[in-house]
Structures are given as structure tokens and as C-alpha cells.
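Overview (structure and organization)
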Amino acid sequence: SGPFDCNTHLDSTFGIAIWLAIMLYTFKALGTICDDYFVPAIDAIVERLGMSPDVAGATLLAAGSSAPELATSLIATFLIVGDGGVGTIIGSAVFNILVIVGLTGWIACKG
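As a starting point, this report considers the structure included with it. Predicted, not measured: the structure shown is a model, and the values here were computed from it. Position numbers for residues start from 1 in each chain and track the written sequence from start to end. In keeping with the model being predicted, local features are shown solely for residues with a pLDDT of at least 70 and side-chain atom pairs are shown and tallied solely at 80 or more, while totals for entire chains, interfaces and linings include all residues. Values reported for side chains reflect all heavy atoms of the structure, with hydrogen atoms and water molecules removed beforehand.

Regarding helix α3 (residues 53-79)
Applied cut-off: Note on conventions: DSSP H or I runs of at least 4 residues are helices, E runs of at least 2 residues are strands, and numbering of each starts at the N terminus. One less than the number of residues in a helix, times 1.5 Å, gives the span that helix is expected to have. Across the chain, bend at a residue is computed as the angle between axes fitted to the seven residues ending at that point and the seven starting from it. Classification of residues uses two cut-offs on accessible area relative to the type maximum, computed with a 1.4 Å probe and protein chains only: under 20% is buried, over 50% is exposed, and between them is partly exposed.
Taking 1.5 Å of rise per residue, 27 residues should cover 39 Å, and α3 covers 37 Å from first to last C-alpha, within 8% of that figure. Bending of α3 peaks at approximately 40° at the position of Ala67, with proline Pro68 no more than four residues after it. Buried within α3 are the following residues: Ala56, Ser73 and Ala76.

This is how it looks when you write it as C-alpha cells:
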């Protein structure tokens with residue numbers, strides 16, 4: 001019985017509720033941070049560089065939203081010995097190719 005077995009009394013009673021509350025709080029905090037800081041920062045960069053909003057959305061927002069995944073992959077690959085970084089990269093690529101590109105094509109055909 002290790003620390004990550006999820007066999008404690010907390011896990012069997014309130015563990016899922018606590019996990020869901022933390023998850024919802026994290027999503028709300030992420031949305032607030034993006035609305036208050038990320039988007040205005042991108043707007044300032046776009047204005048200073050004279051970029052069109054379409055180019056900024058395709059490049060700067062994509063790079064900014066992928067930065068946490070890049071940091072996770074780098075930490076998991078170089079600082080923590082294991083396959084977490086490789087799994088993150090492969091999983092993300094498969095999701096992006098199958099779901100994002102597939103939905104984009106499907107929606108484009110419907111419109």
C-alpha cells in the first residue's frame with residue numbers, strides 16, 4: 001500500500017468531491033487569468049508589432065496555450081526519469097491530428 005493507491009478513508013468518502021471542486025476552481029482560475037492577463041498581453045504585442053489579429057491568433061495564442069504542455073514535457077523528460085514526457089508529446093500529437101484537424105474539417109464541410 002503506497003501513497004498513490006487511493007485506498008484511504010478520504011478517497012472512499014469525499015475524495016472525488018474534493019477532486020472535482022479543485023478541478024472546477026482550477027478551470028475558473030485559468031479562465032480568469034487568461035481573460036485578465038493573457039489576452040490583453042497578446043493585444044499589446046499585436047498592436048506593437050502591427051500584426052493582423054488572424055496571424056496573432058494562429059501563432060501567438062497557439063504558442064502561449066501550448067507553453068504549459070511544453071514545460072510539462074521538458075520537466076518529465078529531463079528532470080523526472082520516466083516516460084511522461086514522451087507520452088505527453090505522443091498523446092498531444094495524436095489528439096491534435098485526430099480530433100482538432102478532424103473537427104475542423106467536419107465543421108468546414110458543414111458551413
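Further notes follow.
Things to note about helix α2 (residues 15-49)
Given a rise of 1.5 Å per residue, 35 residues ought to cover 51 Å, and the 48 Å separating the end C-alpha atoms of α2 matches this to within 8%. If you check which residues of α2 are buried, you get Gly15, Ile42 and Val46. Downstream of α2 by one or two residues, Gly50 has phi in the positive range, about 70°.

Notes on a nonpolar patch on the surface
Stated precisely, the cut-off is as follows: Only residues whose relative accessible area exceeds 30% and that form no salt bridge enter a patch; like-charged residues are grouped when within 9 Å of one another, and nonpolar side chains (Val, Leu, Ile, Met, Phe, Trp, Tyr) when within 5 Å. The Shrake-Rupley method, run with a 1.4 Å probe, gives the accessible areas here. Residue values count only the displayed protein chains as cover. Salt bridge, as used here, is a side-chain nitrogen of Lys or Arg placed within 4 Å of a carboxyl oxygen of Asp or Glu.
A contiguous nonpolar surface patch, about 1100 Å² in accessible area, is contributed by Ile90, Val94, Phe95, Ile97, Leu98, Val99, Ile100, Val101, Leu103, Trp106 and Ile107. Take Leu103: it is sitting in helix α4 (residues 84-110). Residue Leu103 is classed as partly exposed on the basis of its relative accessible area, which comes to 44%.

Structural notes on the packing of α2 against α3
Test applied: An axis is simply a line fitted to the C-alpha atoms; with a helix, the fit covers only the stretch in contact. Between two such axes, the angle follows the N-to-C directions and lies from 0 to 180 degrees. Any angle that falls under 35 degrees is termed roughly parallel, while one over 145 is termed roughly antiparallel, one within 65 to 115 roughly perpendicular, and all others oblique. In a left-handed crossing the near helix is turned counterclockwise from the far helix by less than a right angle, and in a right-handed crossing that turn is clockwise. A contact between two residues is defined here by any heavy atoms of the two lying within 4.5 Å. Nonpolar residues are Ala, Val, Leu, Ile, Met, Phe, Trp, Tyr, Cys and Pro. Charged residues are Asp, Glu, Lys and Arg, and all others, Gly as well, are polar.
Running from N to C, α2 and α3 point in directions that differ by 135°, and their axes come no closer than 11 Å. On the basis of their axis angle, the class for α2 and α3 is oblique. Where α2 crosses over α3, the handedness of that crossing is right-handed. Packed against α2, whose contacting residues are Phe38, Ile42, Ile45 and Val46, the element α3 presents Ala56, Leu60, Leu61, Gly64 and Ser65 at the interface. For the contact of α2 with α3, the class distribution of residues is seven nonpolar, two polar and no charged.

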